[in-house]
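Structure at a glance
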Amino acid sequence: MEQANAVMGKGISRTFLMGETPVRALHQINITVDAGELVMLLGPSGSGKTTLLYTLSGLEKPDQGEVWVDGVSIYTLNDWKLSKFRSQCFGFVFQSFNLLPTLSALENVQIPLRLLGSKQPVKQATEILTRVGLGERIHHKPGQLSGGEQQRVAVARALVAKPRIVFADEPTGNLDSHTSQEIMALIRELVSENNSACLMVTHNQEFSSLADRILHMRDGELL
Amino acid sequence: MMSLMLRLFQWNMLRSRVQLVIMALAVLGSLSSYVLLGTALSEMSVQVMDAMRSEWPYDFEVQGWFDQDLEDQITTLPGLNHIEIVTMTDIFFYSESLRLLAIPEQETALVMELQEGTMASTADEIVIPAALAQGYGIRVGDVISIQSSKTVNQPVPFTVSGILSGKKGVLLHPLSSYEGLTRLVSADRLTPSALLQLDGRTNLLSFQKNLENIGRGLVIKAIAEEYSDAQANLTLSDSLVTGLRGLILAITALSLAVLLYMTQRSGSYQVGVLRAIGLPRPWLLLPAFMQTLLIFIFGYGTAYLSLPAIATAIGLESNRVALLQHLSGDIWIFLGVGLFSTLVVQIQFLFTSVPRLFKEAW
């Protein structure tokens, strides 16, 4: 049953300590994202969206509950295997683009491919950079690109290896509205093309029309 | 894989160039001071120990029939600083009972500085210490009679060819040639002695035990009076050297760790992203080690080229070979400290959770 969904979280709970006070970040969350589906996670700041995204992507172990990705319970994997699993199945887009500043766009996009031992990393990276509209700027360093262009490189990096699931955490948080629209449309397009699942955290309802499904969170719970 | 590793290395090296330059200069500076201080203090220790010695700077006199094999056995004993084979005999000099030494043919620890005249070069010449010359009113060119205290032979005349200096540390025994000694005692009765000087660190008794274990009928006489003073002084200067060098190492480790931490901190978000996309931890550790290694290779190379000149410029008399030997030995200690600092800082980043790396302040 678990294998029907790209991602499935069951009974996920997570509590943090703020000083000595326990703060409930996630409470008994059950969630699924199917292949080819773009799910948008909306909610106010502090509602637990990002914590849920980190938990489902194997970056933050829950106190309770389990996360299944393609039928694999990811928190039963050791650190080495989980890293390998993330490189094979996950793509990430973050609010801050965080490209390696000393590498060109092309080199940044090649990183996941080289991690997977791809035989044609340059060709694949060039193709996707052309696809995101940066075919003429592949040798530019991040410092020579605009914010929107850097986020396009980050999107290309997240999707170049055709991951099963893309996790996007406020991918337009640092962009103007016009560029945001472009980036959202780009993610939607590429996710559909690859038949990847996508879980996107945002508090911007403007783009909800692009989502297949919208989930709302408040105080660590899905509404 | 190698290509990715090189790109990560490139990122590691170039992401904070100013800190990289400061790190390289810090390594160069501290390595140079470590080596210079170490060399200078080691030389100072030897000088301090030498200064503690009297005109007879030996810790053991060993009598026996020496051949190359026996000499080699003694030479390999741990703690030996110097060995020389000297021929000497007991004599009567006027009313005094003294030792007459054959002028050493090999390198000697004895100070034989002449006040006037020349060193005895023929069998009938003798050099006497300043105190005797002054005490008995003897001048260069005078003929004096010497009698062996080991035989009943008649006194033998010697011409004084030179007088040793009266400075502190200069030999207080008369000197002649080996042939001169055979005029007093026949060659078959002149037993050579090995004079041994220890390094000031070895225990006198354990060295004596090792000597006795050689066997071969050696007659061993320890001269313990001044050794303990020399040993105490050397221990003190050794502690000083160790303490100061330890301090330099600690400062180096700390400054490197701080600089590495700052460099790492400036790229912690990127490290988080790389780990999120599945880069295993050792892949991030290796470029950091490569960076440290490269900085130390730079430090070693520059120190190798510049240290002899710096030593000369600041008035250190250390010779080039000794200095570079110290450098070659010390670089490994330094590299160990550098790699340890790198490991400590890296572990802190690599074992911090990815979400925490994404936070601005942690």
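See the structure above.
Computed from a predicted structure; not experimentally measured. (Residues numbered from 1 in each chain as written. Chains lettered and ligands numbered in written order. Predicted model: local features only at pLDDT ≥ 70, side-chain atom pairs only at ≥ 80, totals over all residues. Heavy atoms only, no water.)

Thoughts on the pairing of strand β1 (residues 60-63) of chain B
All names here are of chain B. Our working rule: Pairs of strands are assigned from DSSP output, requiring at least two bridges between the strands. Each helix is a run of DSSP H or I of at least 4 residues and each strand a run of E of at least 2, with the numbering of both proceeding from the N terminus.
As defined by bridge partners, β1 adjoins strand β10 (residues 219-222) across 4 bridges and the pair is classed as antiparallel. Of the residues in β10, the one forming a bridge with Val 62 is Ile 220. Across 4 bridges, the pairing between β1 and strand β9 (residues 192-198) is antiparallel. The partner of Phe 60 across the bridge, within β9, is Leu 196.

Notes on empty space enclosed by the protein
In this approach, a probe sized like a water molecule rolls over the atoms, and the result shows the empty space that is left. As a reminder of what qualifies: We place a 1 Å grid over just the protein atoms. Points where a 1.4 Å probe fits but has no way out form a cavity, open points with protein on both sides within 12 Å along at least 5 of 7 lines form a pocket, and any residue with an atom within 4 Å of a point lines it. Grid points are joined across faces, edges and corners, and a volume is the space filled by probe spheres set on the points. Side-chain classes follow a simple rule in which Ala, Val, Leu, Ile, Met, Phe, Trp, Tyr, Cys and Pro form the nonpolar group, Asp, Glu, Lys and Arg form the charged group, and the remainder, Gly included, forms the polar group.
Applying the stated criterion across every chain yields a total of 2 cavities of 30 Å³ or more. Looking at the lining of the largest cavity, the elements that each hand over two or more residues are β6 (90-93), α3 (105-115) and α5 (147-159) of chain A. The class makeup of the residues in the lining of the largest cavity is 8 nonpolar, 2 polar and 1 charged. Of the volumes computed, that of the second largest cavity is approximately 60 Å³. If you trace the second largest cavity, you find it lined by Leu8(B), Trp11(B), Asn12(B), Arg15(B), Gln264(B), Val271(B), Trp283(B), Leu284(B), Pro287(B), Gln346(B) and Leu350(B). Those elements giving two or more residues to the lining of the second largest cavity turn out to be α1 (2-14), α9 (281-313) and α10 (320-350) of chain B.

Some points on the environment of Ser45(A)
Residue and element names in this part refer to chain A. Note the threshold: With a 1.4 Å probe rolled over the protein chains alone, any residue whose accessible area is under 20% of its type maximum counts as buried; one over 50% counts as exposed, and the rest are partly exposed.
Turning to its location among the elements, Ser 45 is positioned in the loop between β3 (38-42) and α1 (49-56). Ser 45 gets classed as exposed once you look at its relative accessible area, which sits at 68%. Expressed as a C-alpha distance, the spacing of Ser 45 and Met 217, which sit 172 residues apart in the sequence, is 9.8 Å.

Observations concerning the side chain of His82(B)
Residues and elements named next belong to chain B. Keep this limit in mind: Polar contact is defined as a pair of N or O atoms within 3.5 Å, subject to the rule that within protein one atom must be able to donate a hydrogen and the other to accept it, and that residues adjacent in sequence are counted only when both atoms are side-chain atoms. Throughout, a residue-residue contact means that at least one pair of heavy atoms, one from each residue, lies within 4.5 Å.
The residue His 82 is located in strand β2 (residues 80-93) in this model. A polar side-chain atom of His 82 sits 2.8 Å from a polar atom in the side chain of Glu 84. Once residues within four sequence positions are removed from consideration, His 82 is found in contact with Tyr 58, Glu 107, Thr 108, Ala 109, Leu 195, Leu 196 and Gln 197.

Re the packing of α3(A) against helix α4 (residues 121-131) of chain A
All names here are of chain A. Applicable threshold: Note on geometry: axes are C-alpha line fits, over the in-contact stretch for helices, and angles between N-to-C directions span 0 to 180 degrees. When describing relative orientation, an angle under 35 degrees is termed roughly parallel and one over 145 degrees roughly antiparallel, while 65 to 115 degrees is termed roughly perpendicular and anything else oblique. Crossings are sorted by hand: turned counterclockwise from the far helix by less than a right angle, the near helix makes the crossing left-handed, and turned clockwise it makes it right-handed.
Closest axis-to-axis distance for the α3/α4 pair is 9 Å, and the angle between their directions is 120°. Considering their axes alone, α3 and α4 lie oblique with respect to each other. Like other packed secondary-structure pairs, α3 and α4 cross with a definite hand, here right-handed. Of the residues in α4, those touching α3 at Ala 105, Leu 106, Val 109, Gln 110, Leu 113 and Arg 114 are Pro 121, Val 122, Gln 124, Ala 125, Thr 126, Ile 128 and Leu 129. Class assignment for the residues of the contact of α3 with α4 results in 9 nonpolar, 3 polar and 1 charged.

Brief notes about the nonpolar core
Spelled out, the test is: Within this scheme, the nonpolar core is defined by two criteria: the residues are buried Ala, Val, Leu, Ile, Met, Phe, Trp, Tyr or Cys, and they are joined through side-chain atoms within 4.5 Å.
Residues Leu52(A), Leu56(A) and Leu274(B) are the most contacted members of the largest nonpolar core, which totals 84 residues. Beyond its immediate chain neighbours, meaning those up to four positions away, Leu52(A) contacts Ile12(A), Leu26(A), Ile29(A), Ile31(A), Leu41(A) and Met217(A). Listed in part, the 36 residues of the second largest apolar core include Phe97(A), Leu159(A), Leu190(A) and Ala211(A).

A closer look at the packing of α9(B) against α10(B)
Residue and element names in this part refer to chain B. It is the contact of α9 with α10, at a shortest axis distance of 9 Å, that shows an interaxial angle of 155°. The angle between the axes of α9 and α10 places the two elements in the roughly antiparallel class. Along this stretch, α9 crosses α10, giving a crossing that reads as right-handed. Of the residues assigned to the contact of α9 with α10, the class counts are 21 nonpolar, 5 polar and 2 charged.

Here's the deal with the environment of Ala230(B)
All names here are of chain B. Secondary-structure assignment places Ala 230 in helix α7 (residues 227-266). It is 9.8 Å that separates the C-alpha atoms of Ala 230 and Val 46, two residues lying 184 residues apart in sequence. Residue contacts for Ala 230: discarding those within four places in its chain leaves Met 49 and Met 52.

Notes on the sheet that holds strand β5 (residues 72-73) of chain A
The sheet built from 4 strands is open, its strands ordered β2-β1-β4-β5 (chain A) with antiparallel pairing. Strands with a single pairing partner mark the edges of an open sheet, and in this sheet they are β2 (21-33) and β5 of chain A.

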